[in-house]
Each structure stands twice: as C-alpha cells, then as structure tokens.
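Descriptive analysis of the structure
One-letter residues, chain by chain:
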Amino acid sequence: MIATASRYAQEPPGLQLLEPITGLIFAGVLDRHSRIKIVMAEAGLAWVPSMIQGLDIWYQRTRDGRRLTGNGPIALPKLLPSEYFHRQIWLSFVDDPLGVKMVGSVLDVDKVMFGSDYPHPASTWPYSQKVIEDTAQNLAADIRQKIFRDNARALFGI
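The structure displayed is predicted, hence computed values, not measured ones. (Residues numbered from 1 in each chain as written. Predicted model: local features only at pLDDT ≥ 70, side-chain atom pairs only at ≥ 80, totals over all residues. Heavy atoms only, no water.)

**Let's talk about the confidence of the model for the protein chain**
Convention followed: For every residue, the predictor assigns a confidence score, pLDDT, that lies between 0 and 100. In this text, helices come from DSSP runs of H or I with a minimum length of four residues, and strands from runs of E with a minimum of two, each type numbered from the N-terminal end. Whether two residues are in contact is decided by their heavy atoms, any of which lying within 4.5 Å being enough.
Predicted confidence across the protein chain gives a mean pLDDT of 88, with 87% of residues reaching 70 or more. No element of the protein chain has a lower mean pLDDT than strand E1 (residues 2–4), which averages 51, and none a higher one than helix H2 (residues 29–32), which averages 98. Confidence drops under a pLDDT of 50 for residues 5–9, and excluding neighbours within four residues, the segment shows seven contacts in the predicted structure.

What follows is the structure, given as structure tokens:
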C-alpha cells in the first residue's frame, strides 16, 4: 500500500495522510496484517513526529480510561502508534531539510527515503543531485547511504 500526497498539491505536505494512517492503526488493520508495508510517499518528514506523539498520547489516555464513548470503552490496537511506524511505515521526502535533521534522533533511520518525484512539477529535477548534496552534507555516511539507497532497497527487496 502506498499513501501519497501528490494529488493534494494545494494542501501542506502530509496533512491529508493523517486520517488514513490513523484509521489503519486504530481500526486494527496493522495488527491483522502485521507484514503489510506502508509508504507515506511525498509527504515530507518534519510534521510526522508531532503526529506520532499526538497519536501515542491519545492512545495512552484512552487506554487509561480517560476517553469513553456512550457505547463503552474504545477498542485499541495492540501497540502504540509509534510502534507501528517503527515496524511497518516508511516515509519519503522530496525536499525537507528540517525533517532530515530529525532522522536518527526522532525519526527511525531505517524508515526514511529520498524521492525526487520526477517527473511531477513538485520534483527536485533537474536539481536532484544538488538537493541530495545539500540535504546530505551534515549526515553521517551510514545514515546518508540508508536514506538515499539502502532503505528503498530493503523495502522493495532489490
């Protein structure tokens, strides 16, 4: 399954993915299909930690009984939302310098990938090599290799 932001050019990157990703997690889809791989493509990175944090807080408060419906307790997935991100959700970005600074500290280094989005108008082409150079200049070599090569190879088995 690939969730993409490209058809929502008028919205800030990623916002349109909040509802479907939340739905997949809280409806138990990722529990029932623990081997499914989801890519949040072209959505950027910088906004994701805030989303994950908010989902984890909501989950914990609900689990602790602080959120009830008129129909009784709310059914929750087996794991914290952040654990699904570590297990099953990959992120890709086109041009997100702030988000890249979060890789390895806030975002899982094994789940982040660069995408040029060629040939779409939002792509980095014909400046992709310059964008990669600028984005990678402060990254450790092993993290750079994961983001720009190894993570996609691992995800797609190539």
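**A closer look at the packing of helix H1 (residues 18–26) against helix H4 (residues 81–88)**
Helix-helix packing is characterised by the crossing angle of the two axes and by the distance between the axes. Definition in use: For helices, the axis comes from a line fit to the C-alpha atoms of the stretch in contact; other axes are also lines fit to C-alpha atoms, and the angle between any two N-to-C directions lies between 0 and 180 degrees. With respect to orientation, any angle under 35 degrees is reported as roughly parallel, any angle over 145 as roughly antiparallel, any angle of 65 to 115 as roughly perpendicular, and every other angle as oblique. Under the scheme applied, nonpolar residues are Ala, Val, Leu, Ile, Met, Phe, Trp, Tyr, Cys and Pro; charged residues are Asp, Glu, Lys and Arg; polar residues are all the others, including Gly.
At a closest axis distance of 10 Å, the pairing of H1 and H4 adopts a crossing angle of 100 degrees. With respect to H4, the element H1 is oriented roughly perpendicular. Across the interface between the two elements, Ile21, Ile25 and Phe26 of H1 pack against Pro81, Tyr84 and Phe85 of H4. Looking at the contact of H1 with H4 residue by residue, the classes come out as six nonpolar, no polar and no charged.

**Comments concerning the pairing of strand E5 (residues 89–93)**
To keep things clear, this is the line we draw: Buried, partly exposed and exposed residues are distinguished by accessible area as a fraction of the type maximum, computed with a 1.4 Å probe on protein chains only: under 20%, between the cut-offs, and over 50%, respectively. Only strands that DSSP links by at least two bridges are regarded as paired with each other.
With respect to burial, E5 is a largely interior element, five of its five residues being buried. Bridge count for strand E2 (residues 38–41) against E5 is three bridges, and the pairing is parallel. Bridge pairing links Met40 to Leu91 in E5. With three bridges joining them, E5 and strand E6 (residues 112–114) adopt parallel strand pairing. Bridging from a neighbouring strand, Leu91 pairs with Val112 of E6.

**Details of the environment of Met51**
Assignment of secondary structure puts Met51 in helix H3 (residues 48–63). Assessed through its relative accessible area of 7%, Met51 is described here as buried. C-alpha of Met51 to C-alpha of Pro81: the two residues are 30 residues apart in sequence and 9.6 Å apart in space. Residues within four places of Met51 in sequence aside, it is in contact with Leu18, Ile21, Met40 and Phe85.

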